Amino acid sequence: MDRYYAQKLDNLRYDYIVIANNYENPVNYLMYKGDVPFIHDGVVLFDLTLVNGISSNRYATATVVNHKIIPRSISVCSHIEDEIENIAYRYFSDNLHIVENSSLPSAMNYLILNHR
């Protein structure tokens, strides 16, 4: 299984959303790897639900230049548009096993899968 899922966003303030598929933070992974293969330049929104649960640090943003994350640009995003949040919830609904096999507590899994 891939560490993350990346989807291009059209007509939104972010160019891509990256959804963590497990407890490993994709921001850290992509910085360690030194390459963001799916985008050359732009802004990426990271959904870290399976890393941090449903909390104030669920979402983070980062600017990518020349396929590399600019470390100073990483910031926690406390609010996102409903349209983007729905993309993440749809992804989790379509991939129940990812949530069910996560390291999050059962109660948190229930909230994620029931869009609470």
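For the structure, see preceding data.
Residues numbered from 1 in each chain as written. Predicted model: local features only at pLDDT ≥ 70, side-chain atom pairs only at ≥ 80, totals over all residues. Heavy atoms only, no water.

**Student:** What's the story with the nonpolar core in this structure? I'm lost.
**Tutor:** One recurring pattern in soluble globular proteins: nonpolar side chains tend to sit buried together. Tyr 14, Ile 17, Leu 45, Leu 50, Ile 80, Ile 84 and Phe 92 are the most contacted members of the largest nonpolar core, which has 18 residues in total. When contributions to this core are tallied by element, the ones reaching two or more residues are β2 (16-20), α3 (82-94) and α4 (96-100). Here the element with the most residues in this core is α3; it accounts for 5 residues. (Core = buried A, V, L, I, M, F, W, Y, C linked by side-chain atoms within 4.5 Å. Buried < 20%, exposed > 50% of the residue type's maximum accessible area, 1.4 Å probe, protein only. Helix = DSSP H or I, 4+ residues; strand = E, 2+ residues; numbered from the N terminus.)

**Student:** Would you explain the environment of Asp 10 in this entry?
**Tutor:** With respect to the helices, strands and loops of the structure, Asp 10 is situated in the loop between β1 (4-8) and β2. Taking C-alpha positions, Asp 10 is 17 Å from Thr 63, a pair spaced 53 residues apart along the chain.

**Student:** Is there a simple way to think about the pairing of strand β3 (residues 42-47) in this case?
**Tutor:** Moving residue by residue along a regular strand, the side chains alternate between the two faces of the sheet. For β3, the buried fraction is high: 5 of the 6 residues fall into the buried class. Bridge analysis of β2 against β3 gives 4 bridges, and the strand direction is parallel. Its bridge partner being in β3, Tyr 16 is matched across the sheet by Val 44. Of the crossover connections in this fold, the one passing from β2 over helix α1 (residues 26-33) to the parallel β3 is right-handed. Note that β3 and strand β4 (residues 59-65) share 6 bridges and pair antiparallel. Counterpart to Leu 45 in the pairing with β4 is Thr 61. (Pairing = 2+ DSSP bridges. Right-handed = clockwise from strand over helix to strand, strands pointing away.)

**Student:** Just to check I follow, could you spell out the packing of aromatic side chains for this structure?
**Tutor:** The geometry of an aromatic ring pair is captured by two quantities: the separation of the ring centres and the angle between the planes. Enumeration according to the criterion identifies 5 aromatic pairs in this entry. One aromatic cluster is present, formed by Tyr 4, Tyr 16, Tyr 29 and Phe 38 through successive ring pairs. (Phe/Tyr/Trp six-rings, centres within 6.5 Å; stacked < 30°, edge-to-face > 60°.)

**Student:** Even after reading the chapter, I still don't get the pattern of salt bridges, so can you show me in this structure?
**Tutor:** It is possible for side chains of opposite charge to pair when their charged atoms get near one another. By the definition in use, this model includes 4 salt bridges. Note that Glu 24 is salt-bridged to Arg 3, the shortest N-O span being 2.5 Å. One end of the pair, Glu 24, is in the loop between β2 and α1; the other, Arg 3, is in the segment before β1, with 21 residues separating them in the sequence. Residue classification places Arg 3 among the partly exposed positions, given a relative accessible area of 35%. One salt bridge connects Glu 85 with Arg 58, and the closest N-O pair in it is separated by 3.7 Å. Taken together, the residues Glu 85 in helix α3 and Arg 58 in the loop between α2 (49-52) and β4 connect sequence positions 27 residues apart. It is possible to trace a salt-bridge network through shared partners that takes in Asp 47, Arg 58 and Glu 85. (Salt bridge = Lys/Arg side-chain N within 4 Å of Asp/Glu carboxyl O.)

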